[in-house]
Each structure stands twice: as C-alpha cells, then as structure tokens.
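A closer look at the structure
So you can see what is in the structure, the chains are spelled out below.
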2 protein chains.
Amino acid sequence: MFDPFSEIDKRAINTIRVVACDMIDSANSGHPGAPMGCAPMAHVLFSRFFKCNPTNSKWINRDRFVLSNGHGCTLQYVINHLLGYKITLNDLKNFRQYLSITPGHPERGVTDGIEVTTGPLGQGFSNAVGLAIAEAHLASIYNRPGIELFNNYTYTIVGDGCLQEGVSSEAASMAGHFKLGKLIALYDANNIQIDGEIRVQFTEDVCARFKAYGWQVLKVDDGDSDLDAIANAIEEAKKELSKPTLIYVRTTIGYGSKNQGTPKAHGNPLKTEEIANVKQLFNLDPTKTFDIPKDVRAFYDKLTRKGVNYEKEWNSLFDKYSIQYPEEAKEIRRRLRGDLVKGWEKLLPRYTPADKPMATRKLSECVLNNICDALPEFIGGSADLTGSNLTRWTNAKDFQATGSGIGDYSGRYFHYGVREHGMAAVMNGMAAYGCGLIPFGSTFLNFINYASGAVRLSSLSKHQVVYIMTHDSIGVGEDGPTHQPIETFAALRAQPNLNVIRPADGNEVSAAYYQALTSKETPSVLCLTRQNVPHLKGSSIENALKGGYILQDEPNPKVILAGTGSEVSLCVEAAELLKKDNIPARVVSLPCLSLFDSQGKSYCNKVLPKGIPILSVEAASTFGWAKYAHMSVGIDSFGMSASAKKIFEHFGLVPEAIAKKAKLLISKFPKMLF
Amino acid sequence: MFDPFSEIDKRAINTIRVVACDMIDSANSGHPGAPMGCAPMAHVLFSRFFKCNPTNSKWINRDRFVLSNGHGCTLQYVINHLLGYKITLNDLKNFRQYLSITPGHPERGVTDGIEVTTGPLGQGFSNAVGLAIAEAHLASIYNRPGIELFNNYTYTIVGDGCLQEGVSSEAASMAGHFKLGKLIALYDANNIQIDGEIRVQFTEDVCARFKAYGWQVLKVDDGDSDLDAIANAIEEAKKELSKPTLIYVRTTIGYGSKNQGTPKAHGNPLKTEEIANVKQLFNLDPTKTFDIPKDVRAFYDKLTRKGVNYEKEWNSLFDKYSIQYPEEAKEIRRRLRGDLVKGWEKLLPRYTPADKPMATRKLSECVLNNICDALPEFIGGSADLTGSNLTRWTNAKDFQATGSGIGDYSGRYFHYGVREHGMAAVMNGMAAYGCGLIPFGSTFLNFINYASGAVRLSSLSKHQVVYIMTHDSIGVGEDGPTHQPIETFAALRAQPNLNVIRPADGNEVSAAYYQALTSKETPSVLCLTRQNVPHLKGSSIENALKGGYILQDEPNPKVILAGTGSEVSLCVEAAELLKKDNIPARVVSLPCLSLFDSQGKSYCNKVLPKGIPILSVEAASTFGWAKYAHMSVGIDSFGMSASAKKIFEHFGLVPEAIAKKAKLLISKFPKMLF
Ligand SMILES: [Ca+2]
Ligand SMILES: [Ca+2]
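Residues numbered from 1 in each chain as written. Chains lettered and ligands numbered in written order. Predicted model: local features only at pLDDT ≥ 70, side-chain atom pairs only at ≥ 80, totals over all residues. Heavy atoms only, no water.

As recorded in an unreviewed UniProt entry, chain A goes by transketolase and comes from Piromyces finnis.

1. Describing a positive patch on the surface
Together, K601 and K610 of chain A together with K668 and K671 of chain B make up a positively charged patch on the protein surface. Take K610 of chain A: it is sitting in the loop between α23 (601–607) and β19 (614–617). On the accessibility criterion, K610 of chain A (39% relative accessible area) is partly exposed. (Patch = residues over 30% accessible without salt bridge, like charges linked within 9 Å, V, L, I, M, F, W, Y side chains within 5 Å. Areas by Shrake-Rupley, 256 points an atom, 1.4 Å probe, with all protein chains shown as cover. Salt bridge = Lys/Arg side-chain N within 4 Å of Asp/Glu carboxyl O. Lys, Arg positive; Asp, Glu negative; His and termini not counted. Charge placed at Lys NZ, Arg CZ, Asp CG, Glu CD. Helix = DSSP H or I, 4+ residues; strand = E, 2+ residues; numbered from the N terminus. Buried < 20%, exposed > 50% of the residue type's maximum accessible area, 1.4 Å probe, protein only.)

2. Structural notes on the coordination of the calcium ion (ligand 1)
Residues and elements named next belong to chain A. Listed as protein donors to the calcium ion (ligand 1) are D160 (OD), N190 (OD1) and I192 (O); their distances from the metal cover 2.3 to 2.4 Å. Sequence positions of the residues that donate to the calcium ion (ligand 1) give the spacing D-x29-N-x1-I. Judged by relative accessible area, I192 falls into the buried class, the value being 7%. (Donors = N, O, S within 2.8 Å, 3.2 Å for Na, K, Ca; no water.)

3. Thoughts on the pairing of strand β14 (residues 524–527) of chain B
Because side chains alternate across β14 of chain B, one face comprises the buried residues S524 and L526 of chain B, and the other comprises V525 and C527 of chain B, equally buried. Handedness of the crossover joining strand β13 (residues 499–501) of chain B and β14 of chain B through helix α19 (residues 506–518) of chain B: right-handed. (Right-handed = clockwise from strand over helix to strand, strands pointing away.)

4. Looking at the environment of Y310 of chain B
All names here are of chain B. Residue placement: Y310 occurs in helix α12 (residues 294–324). Between the alpha carbons of Y310 and F596 there is a distance of 46 Å; along the sequence they are 286 residues apart. The contacts of Y310, once residues within four sequence positions are left out, are F50, K51, C52 and W59. (Contact = heavy atoms within 4.5 Å.)

5. What to know about the relation of the copies chain A and chain B
Superposition record for chain A on chain B: RMSD 0.0 Å, screw rotation 180°, translation along axis 0.0 Å. Taken together, the rotation and translation describe the operation of a two-fold axis. Same-surface contact between copies: 99% of interface residues of chain A are shared with the interface of chain B. (Least-squares fit on C-alpha atoms with pLDDT ≥ 70 in both.)

6. Structural notes on the domain arrangement of chain A
Each domain of chain A was delimited in the assignment, giving domain 1 (39–84 + 106–252 + 293–310), domain 2 (344–533) and domain 3 (547–672). The C-alpha centroid of domain 3 of chain A is placed 51 Å from the C-alpha centroid of domain 1 of chain A. (Domains from an automatic or database assignment.)

7. Topic: the pattern of salt bridges
Applying the stated rule across the entire model yields 58 salt bridges over all chains. A salt bridge links R144 of chain B to E328 of chain B; the nearest nitrogen and oxygen atoms lie 3.1 Å apart. Taken together, the residues span a long stretch of sequence, with R144 of chain B in the loop between α5 (123–142) and β2 (154–158) and E328 of chain B in helix α13 (residues 326–337) at a distance of 184 residues. Salt bridges linked by common partners bring D472, R493, R502, E567 and E618 of chain A together as one network.

8. Concerning the coordination of the calcium ion (ligand 2)
Residues and elements named next belong to chain B. Taken together, the protein donors to the calcium ion (ligand 2) comprise D160 (OD), N190 (OD1) and I192 (O), at separations of 2.3 to 2.4 Å. Taken in sequence order, the residues that donate to the calcium ion (ligand 2) follow the motif D-x29-N-x1-I. Placement of D160 in helix α6 (residues 160–164) and of I192 in strand β4 (residues 192–193) is noted, with a sequence separation of 32 residues between them. Here the two residues D160 and I192 agree in accessibility, since each one is buried.

9. Concerning empty space enclosed by the protein
Under the counting rule described, the total for this entry stands at 16 cavities of 30 Å³ or more. Roughly 330 Å³ of volume is contained in the largest cavity. N449, S452 and A491 of chain A together with S452 and A491 of chain B are, among the 21 residues lining the largest cavity, the residues nearest its centre. Sorting the residues of the lining of the largest cavity by element identifies α17 (452–460) and α18 (488–493) of chain A together with α17 (452–460) and α18 (488–493) of chain B as the ones contributing at least two each. Taken together, the residues that form the lining of the largest cavity break down as eight nonpolar, nine polar and four charged. (1 Å grid on protein atoms, 1.4 Å probe; cavity = no way out; pocket = protein on both sides within 12 Å on 5 of 7 lines; lining within 4 Å. Points joined across faces, edges and corners; volume = space filled by probe spheres on them. Nonpolar A, V, L, I, M, F, W, Y, C, P; charged D, E, K, R; others polar.)

10. Some remarks on the sheet that holds strand β16 (residues 549–552) of chain A
Residue and element names in this part refer to chain A. With mixed pairing, the five strands of this open sheet are ordered in space as β16-β18-β17-β19-β20. The sheet is open, and its two edges are formed by β16 and β20 (631–633), each paired on a single side. Across the sheet, the axes of successive neighbouring strands diverge by a mean angle of 30°, strand direction being ignored. Both strand β17 (residues 559–563) and strand β18 (residues 585–589) contribute to a ladder of five bridges, which runs parallel. Across the sheet, residue G563 finds its bridge partner in β18, namely S589. (Pairing = 2+ DSSP bridges. Axes fitted to C-alpha atoms, helices over the stretch in contact; angles between N-to-C directions.)

11. Considerations on the UniProt feature "active site" (unreviewed entry) in chain A
The UniProt entry lists E420 of chain A under the feature "active site" (unreviewed entry), expressed in the numbering used here. Tracing the sequence through the fold places E420 of chain A in helix α16 (residues 420–433). The exposure class assigned to E420 of chain A is buried, which follows from its relative accessible area of 4%. Not counting residues up to four positions away in its chain, the partners in contact with E420 of chain A are E170, A383, T443, F447, Y450 and A451 of chain A together with E165 of chain B. (UniProt positions renumbered as here; feature names shortened; annotations may be inferred.)

12. Concerning α5 of chain B
With 20 residues, α5 of chain B ought to run about 28 Å at 1.5 Å a step, and its terminal C-alpha atoms sit 28 Å apart, in line with that. Burial analysis of α5 of chain B places 18 of its 20 residues in the buried class, which makes it a mostly covered element. (Expected span 1.5 Å × (residues − 1).)

13. Regarding the packing of α5 of chain B against helix α16 (residues 420–433) of chain B
All names here are of chain B. It is at 6 Å that the axes of α5 and α16 come closest, and there the two elements cross at 55°. One way to sum up the angle between α5 and α16 is to call them oblique. Note on packing geometry: the crossing formed by α5 with α16 is right-handed. Contact residues: α5 offers Q123, S126, N127, V129, G130, L131, I133, A134, E135 and L138, while α16 offers H421, A425, V426, N428, G429, M430, A432 and Y433. A per-class count over the contact of α5 with α16 returns ten nonpolar, seven polar and one charged. (Parallel < 35°, antiparallel > 145°, perpendicular 65-115°, else oblique. Left-handed = near helix turned anticlockwise from the far one by under 90°.)

14. Some points on the side chain of D22 of chain B
Relative to the helices and strands, D22 of chain B resides in helix α1 (residues 7–27). Once you skip the residues sitting within four places of it in the chain, D22 of chain B turns out to touch I275, K279, K288, T289 and F290 of chain B.

15. Topic: the UniProt feature "binding site: Mg(2+)" (unreviewed entry) in chain A
All names here are of chain A. Under the UniProt annotation, "binding site: Mg(2+)" (unreviewed entry) lies at D160, N190 and I192. In summary, the annotated positions, though distributed over 33 residues, converge in three dimensions, the widest C-alpha pair being only 7.9 Å. Of note, N190 is situated in the loop between β3 (183–189) and β4 (192–193). Those residues within four positions of N190 in sequence are excluded, and the remaining contacts are D160, R250, T251 and I253.

16. A word on the sheet that holds strand β18 (residues 585–589) of chain B
Residues and elements named next belong to chain B. The sheet built from five strands is open, its strands ordered β16-β18-β17-β19-β20 with mixed pairing. Bordering the open sheet on either side are β16 (549–552) and β20 (631–633), each of which pairs with just one other strand. Each adjacent strand pair in this sheet contributes to an overall mean axis angle of 30°, direction not counted. Examined bridge by bridge, strand β19 (residues 614–617) and β20 share three bridges and lie parallel to one another. Counted as the bridge partner of S616 is S632 from β20. Packing against the sheet, helix α21 (residues 566–580) makes contact with β16, β17 (559–563), β18 and β19, and its axis sits at approximately 160° to β17.

17. Quick word on unusual backbone geometry
Look at the link from F669 of chain A to P670 of chain A: it is a cis peptide, with omega at 0°. Mapped onto the elements, P670 of chain A comes out in the segment after α25 (655–668). Of note, the phi angle at D384 of chain B is positive, near 65°, even though the residue is not glycine. Locating D384 of chain B in the fold gives a position in the loop between β9 (378–382) and α15 (386–389).

18. Section: the interface of chain A and chain B
At the interface, 99 residues of chain A touch 99 residues of chain B. For the pair chain A and chain B, the two sides together bury roughly 8200 Å², of which 59% comes from carbon and sulfur. Ranking the residues of chain A by area buried against chain B places Y450, R456 and F623 of chain A at the top, with a combined share of 10%. Viewed at the interface, chain B and chain A are joined by four salt bridges. One salt bridge in this structure joins R456 of chain A and E487 of chain B, with 2.7 Å as the shortest N-O distance. Put simply, chain A and chain B have 54 residue pairs in polar contact (both at pLDDT 80 or more) between them. (Buried area = accessible area lost by both parts, 1.4 Å probe. Polar contact = N/O pair within 3.5 Å; in protein donor to acceptor, adjacent residues only side chain to side chain.)

Here it is, written out as structure tokens:
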C-alpha cells in the first residue's frame, strides 16, 4: 500500500508545474501543456512506486521511465532535478540553450536519468516495450528461487499523438503477445491535440483497442487531482503480471493556465505574468521563479535517500547471489561491463577462393551458427521472414511468454511479426536496457524504410543494434521493383553514426559481424545478398575492417574498379577482361564507406589515388558515389520483375558492360574534370 | 439479392486456383498460398458484386479493388484475364518474366486493371482507404438528387501481414473516423504467416481492434467453400453505409495442395506433379496447363458484357446530368482530362527583393491561399501540425464525415492525425482514384521518414502527390536533433522519380508549386523553412523551374557558391564579403537537383562550369554534393537544441565562415583534383 497523500503532494505537483513553466518562459520556447497536465501522475509514480537510485542512474535493476510525449520534457527535467539526478537548478534555467544538458526533447546520453531519446512520437512507448522485454529476458535467465536480481518495472507516459502512430500500434501488439506484465503505460488523455480536440481526427476507442492487443486497461477519471485514483491504478497495474497495462488518465492539458483544456495550451509558452497568476492560483509565491519550496525539496530529498537504499539492498542481494551462483554472477558482471566473451572473434569463419560460392545471407547464417551460442547477449530475430533472412541459428530458442508452450522469456529468437518499425523501436529499447544486450532485427533491405523513424534514433541515441538486411538489390529478381532497394544505400549512408556494411564474400561477412558487435555506440546495417557470390582472392577480415581496401591489383593500374557487395566479384571479372585488352585495373572493395572514410586521408588516397580514373560499381542509385569515383555504374531508376540474371544484364551490371564503361572513363579522363 | 451459386462457381474458383499455380510453376517463383486460399472470396466478389467495365479500366465510377497482399497477384491476373481486361493467356504464361506485363507484384501502370502497386505489406489496404475517401469526396461534391455519378465501392483483400503493419493501423483508424461506409476489407484469415502459425507472433483480437476503430466487423467461418456466407457478408457490408466493414474470412492457405494450411504453402511453388494432383482433386483436367474450361470462360464472358453495360448506363446518366447541371458536368470533364483550370498559374505570387522577408512555409501558405479556391482538385492537410505547417488556406472546409457537425465529405482539408505513414499511403490512394485529384500532406520534414514506405510507392507508382514539409533544417532551433533533418535531402534525392524542391524565397516557392501541380507522374517534396528568408535579386519562377540557375554573378567569377533554400541568401552575403576581398563570386540557387539534371549537360555546364571551383552550401548532410561541388559546407553529424542562430553559427553556416571556406577551396583548386 502506498503512503497516503497530503498537502505536500499537491504542493510538489504544483511546484513541478510552475517550474516547468519557468523553464519554458526562460527559453521562450517549449511545450507547457503536457508537463502541467502530467505532473500529478508523474509525481504519484515517482513518489510512491518508482525504484531508482538517482545518485547512480546506471543501477541495472532500476525501474525504467520513458516520457514518450518527449515535448513535455520539462516535466522530467524538473522531477529528475528534485530526485537528485545530475541536473542542477542552473541546468533547468538553461533549458533549450546552446550546449546545455537540458535540450528541447529528452536525449539519451545528454541528460542524467534519461533512458531513451524521445520526441518523434510513438518511439518512446515502443522503446518501453523493448525495455520490458529486456527485463523479462534477463529475469528469466538469471533470477533464482528467492533471489530476483532482475524485477524492475517499465513505466511510460504517452500522449494522444504517440498512440496514433503506427509504430506504437505494432509495439503494443507485440507487448500484448509477449504478455509483458511489468510494462505500465500511463496515457495522458487530455482530449486535445495540436489540430484541435481529438474529435477532429482521433475518435477510435483506444481502451478497446488495447484490450484487443491483450492489455489490461484501467481508467482514472480525474487525473488532475485524484491522486488516490492514480495510485490505485498503478498498484493494480503492478499486480497484473500476465499482461501489460494501459492506464487511461483523463487530464486537462495546461492545467492551471488560462488556456487549459485547449490546443493553445500545447506548445505556446506562458507569459511571465500568466505564470505568476498560475502560481497565485496554486498558492505558490508569484514573485519567485525557479523556486522550489523547502518542504517540497525535503520531500524529494527523502526519495533520493530511499533510492540509494534500493541499490544498497540490491548489492547485498547480488553478493548473496555471487556466493550461491558464482558462474552466473561472473557472467552478469561481464555483461554489465559490456565485454564480449574473450576469444569470440575466433569463431568467425574464414574462407578461401576455393570455398563454395554462397549468398551472403547464407554466410551470415553461418556466422550466427558459429557465434550465437557463445554470445548470449546477442538476441534478435526477423519480421516474419526467418526462412529468407536466415537469422535463426541452429540452437535458437524462441523468446515467447513463459507458459505459452512455444518458447519462454529465456529464449533469444524473436518473431517480431510483420512490424519493421516496431521491431526497430523495440530493438532500441532492448539496447537501452543495458547489461550488454545487443539486439538484432531482420527483414528485406528494401523494407528498412518502414523502420526509418526508429533507425534514425538508433544512430542519434548511439544504440548498438544490428540490422541484418537481406535481399539487398535487384538480385531479388522476380519479386520486382517493390522489393528491390535502389535509394536505400544512399539514404542509410547519409545518416550520421550508422555503419552501412555491404560485404562481398565470406570473409567480409565475418568482418561485418566483427564490426557490428564491437561498435558499442554505432548501429550497423548489414546488407546481404539473396544470390550466391564467390569468395574472392585478396579478401580478409582484417582488410574488410578498414571499410575499403585494394582487393586485387596490377602494376600501374590505368583504372580502378570500386565495388561493394555482390558487385565486387563483377569488378574482378571486368578487370580480367580489361587485362586481356592490356588495360591493367585495380579492384577495390568498399564494404563500408563510413569506416573507410574514418581511416584517414593518407590511407584513402593509397587505395583510391587521385590521378587514376575510378569507376564505382553498385547495383543501386549512383547518388553519393561522385565523392569516390569519376564515373558510376548503377541504377537510377526503379528495378524490374524478372530473373536476377536478366535484370543485372538489363542495367549493365555484368563484366562486359563494366569493362566497356571503364574504357569510356579512361578515354575521358582527366579532361572530364575541367 | 445475388444470383445463387452453383457448380460453375466452384469450377471457376478451382480454375482460378490451378491456373495461378500453373503461372507460378511456369515462373518457378511466386506465392501459391494466397491465391488458392482467396479464390473463393475473389470469385464471389467479382461475379456477384463488383461493378467495372473490363474493356475500359479507366471508367471513373468503377468499383475499386486492391489486393493488399500483393504477393498473391496471380489471383488478380487470372481473374482480370477472365474478366476481359487486357491480359492475355500468354501474359499469364509470362508471369514474372523480363518485360512482361505480369510482374511479381501488382504494379499500377504496368497491368490493365491494377489500381495501385502493392506488395510492401499494409500499403494496399491504406491506399484503399484513400480510394474510398476520394469517392466520398467526389460524391459529396457532384452527386445530385436522383443522379449518383459517384457511388462506387472500394474492396480490398488483406492478409495477416497487412494488418500487422502500423501503416494499416493508422489508415484503419482514419477510415473509422471518417465513417467510410463504402469501404469493404476482406481479411484472408488463414492463421498462417511465413514464420509459422500466427500464434507465434500475432495473437491480438483483430476483430475487436477494428471494432475499436469504429468499423463494422463480420465473420465468415468457412471461406474455402461457403460461398453463400461470403456473399451474405459482402451484402451486409454494402448495406452499412455509416461505417467501413472488415469481413473476417477464415480460409486455408494453399487450399487443395498437400501443404495446405501450413507456412510452406505461402511462397513455395508447387511442383508440376503436385499441381496435377490438385487438378484431379478439383475434377479438372490434370494433363492440361493454363486451361480455362469453356463453361468457366463463358461464365466470365457474361460478366464482361455486364460490365460494358454498367458504363453505358453511367454514360446515359452523365448525359442527363450534363443537361441539368452543365457547369458541373463541364468541370467533371475537365477534371477527368486532368487539366488544371486555365490561367491558375497567374495566381502564383511574385516577389521582389523589396518585399518583406518571410519563412518559406509562410510563403507556401500565401500560395495556398491564392490557388486553393481555384483548384478544387487540390486537397489535403496536415498530420496534426496545421498551425506549424501553415497548410490550411483561408476558405478551407474540413473533410469530415457528413453529419459529424465539424465538416463534411465535400470538405477539402484533412486532419490526418499524427499518422505520417498512413497519410502518405492514403494520399497515394486518393491520387489513384483519378478525376484529377492531387492530394497533399504535411508534417515536419524530419518526420517524412516515418512515411518512407509510402513515399517510395508515390514515386514507383507515379502518383501526383505533394508533400509539403516544413521545418526543413537546423533552423528548427530549440526542438533539437530529434526534429532536425540531416540525411533527409540525400535520402529523398536518391529516390527515382521524386522532385525534391527546396525553394530559397517567394518566387522559388511559387515555382515549387507550379512544378508540383504540373508534374502529372512525379510526386514532389517541398522543403520549407521555419525561419524567415529574404527575397533575392535574380530569383524568378521561370529561373527556379530549371531546378538550378545563376542567381547573381560577377564577371570572371573565381568561385561559385551553390546553395539551396535558406542557405542561398547566406551564399549571397558570403559573395558580398568575397567581393570586398576582390574575389568575384557567382551565386547559384539549386532548388531541385533532379530538375536541374534534366536540363541537359550544356545548360548544367553553363551554370556550373567545370573550370571554376564550386562550393556547395546546405544545412544538411553533404552526402551527394560531390557530384556538383568540389567542396561542401554542410552538417555531417546530428543537430542540436539551441536557437537557430546559434546552431547555424556552430556549424559554420554563416556568411563569414562560408567566405572563408570559399577561399580555402580557391587555394586548393585545381590541385585537389589530382
Ligand atoms: Ca493530447
Ligand atoms: Ca496469413
């Protein structure tokens, strides 16, 4: 049972509301509506239920909180300040200012106590699903009778916008399917959106929808003032361990302001005089700004001390666990450090040109079969394309609700369903949990665009997640242009902090995994073929890890053929044709342009020297290749439905046509530069 | 009441099933599961309810059909062949072959009778919502008492995968909100997906979910054989005019094959012997392939003749209408031709440098206010950012369910909700309806990535849709990196058949709209600023329509500054600084690279001659600029939360820094090329 509410709770809530307004006023920019409306539920949650240690925001068994309506971040900044996270009053005053730690939307890694970056609607909610999955998984693996090392709850506050986004529909359906009993979403139901009352665009029955997903749904009629009702609902939600819970909390947007309950309250900063009026209404000192009354401060200070104790108790529990289960404890410690198992990289297969040609998706399967048993933190699956993506390793067990009879929470293989965006957002959440988890997800490369909203956040938030994307070109063949990526490489390569890796053969596939699994702050997209490719002379894991390298060379090359993935072997063949015509050609493999660039100018100039004409070859848009090449063989239209062989021919992606284009380039070089 | 079913119906259904298998066998590639399972519902629909004229697939009041599970396209190809569309038996035999008109997934514009391109799951269903919106809208505008010119139904068949995708959740919620009574979705509920039975990943209650969206939900227990039940359900669905209907049809995937009811039936071609067995089971000749029994042919031929009459009757109706409502009839004819109102382009505002600086989103609002009343076919709205996108013109009326009290179906302004992907897919559907409709949608540019799956199909399907994307750079300011596009221009520019237009000032905004509204087969993305920009000397609508042009010049320029959008005025200022240092500089504005490229080499070389060093300036990823420039000012990391001014300074996007970079470039040129 929670401690009864009293006047101090009201004062705390109102203090949070007005300090949030002070921040927005000071920045003259921000969204007062949500923090004013959500302050009661947030205060109830953090004062009565939430287990965290604000002096160590990394404590692994902390409850997780995600403000999915990230535009309301002043709420979280104020509460985290009060709770004792590393956010000073001065930081609050610098809201939205240059280089401050209190940016306009919550950013993981920038502000202490922020679990995930939110703002793009629907992402936070979906991340919360991933966070809850991670807890269920680790609990299932490491908890022992009487010792629950992992048992935290995941809470999220979501707004109308979040629940309209398809990504949250996908994640909600997943959460219901997986019966994530420790996931609790508080729905800030204020009937208002930017375009007006929700009746202009959002008249579905959200509660019925969530019941249909398999969620428990609870309702709080007066979320502005009825703290008991909020607390009772959270308590009931916590007790239901076989279903996630949505608590519909009816609130008033901008509560206390003159625009309360209207769309104007959403994103218009209150003027200083208005805030003074609100303070008066709340019996707070209208002459002061950024004022935390002493009793409110004292109230929250007590929560800080309580939080310190939570971790202390857990540490004792872990000590006990370490004695009874030394092996498991050691493993947990390793995972908390983020270290991979020593020597895992020796499991990566190596190939020679004598080995049988294989599709790189198949070579990826070989890697997974070799490494997955050794790397328990590497977990993932496919968006309903397991048999095509080849992502299920031999000994994989399905992650499913324990008791479902088709797997349990200790399983590491995920059937994400045909939900690419939800998959990516859930992966981000799993990665954000910590304890070394490295999630992967898979679909056809072309459908990564369904997930772009979340893939961008993988990069921005520096999540180590791995996108295993197969069927990476017109090599798809008969499925046709709807399934053939063209612009995809360019779109992904232009995104900061993302390694787009397109291996050419077996050794390069091994390198791709090595890179992905050791890039702690950079997500990776592995682009893999449907069709077979040969193992190439000159390829090696070490070479490929440079992102680009000389695969095969001739003395005084007259032209450089630079390819990626399945086109590298075409370049090799084209070079052989050129050689017959006495044109010495170098072949460069460029599996990852961002890695290549990061090697520094002198290395790059060695591989791709200025004075030699360079022809890029990639079965995709030529957009972006001018940085590396003087001419490009590629595809600047959509693909077609036919056999892969026919399509490659059609687009001139065959050795003869490449050799011809190389000759053309040689004939124009270097005049073409002027 | 529909005609009773008899043996011939069964024969027709089984014929469709086995010819679909023959096609897949002949291609040795394709998906037999869906056509075999969906043949009964498709046959019932097309034989008893569907109104179309197969000899004129463009008849405007035809019922619309969308196979959202596009991998089952053999079903539609066979039926369209039987119905008399321009698909020969030979075309069926060339399924998935090079240059055939029967590609691996249905493609609009490639195959007669295909309304929209499907395959990427969830898109077709969402397009169907757009098609139904278009019908409701045109009916509301043009129908008159006793004369219903527009009253077609929209039918779609959807699979489990379609209903898992977030885009369909968004579109379904919209359809429920808009009470689209003439939209009927047949759900091929076969309990099977690629990864296995749906219980591994899809255990939500789909019917309850659709009820929550405001749909009528009907159920057919035996969709394999109970034709009456299917027909009764469709009849009931047609009668409910105040809600869209989902008919849950329980089917057996791959019905009749040895793998029926299992995931193997989904995408594995049946072997020739297996197909023979199926034929035997169905009492069809096992020795023949691509065999249409005479009675089946005759049965469908009757449907063709019936279809011809539908249009004849409609034409008589239209003649009657033309007499009673000559003005409206003239307008309909104009719209059917796809002609814009004559002289509309004179409404586009023109500016001089003396005019007040304005944000290009605001200038866009001016255009909308000027043209929207004159162009009734231009319809659209915003994904809950109306006040920020500035997309609602003065006289706009909301598109809402008639009787809702907050607008009606004749309204042209859409509150799409926070559903970017659904918005784009619905726009594609509206455009596909025809009758000249040009839909637009709006959100912050950065969130177009939520919609990428549908934006790609706008391009691939050649839909004339307009994405009005505001807040197009770090100029967003305080909202921070989650809201600031970086990779977005590159991602969009790499996509074939998409005009990405980033106007620099008022005249260029007018040009952007001119281009968008006259590009009948190319979608446009207008990228507009949040912040003010000045009107530039040298800009004009005519210049901007070339995609790139010399804005300001000096004799014998030593450097070219080439910018887009809000950075063009920075280039102008930088050129002035350079002039003070006696460095003559040319300023080039490049509002649309694809248009610029299409002007031909000689024009491009005049604007950006080879021998002069070129510096590109754009507040976004430099990826892709090497094609046009020797050096780039841009942003190859994520943005930040601060005032726009601070962020522009931080990234060197101010005249002083640009001028400095220009000098650096001059000093390195042309040595840097070698
Ligand atoms: Ca709201
Ligand atoms: Ca299915």
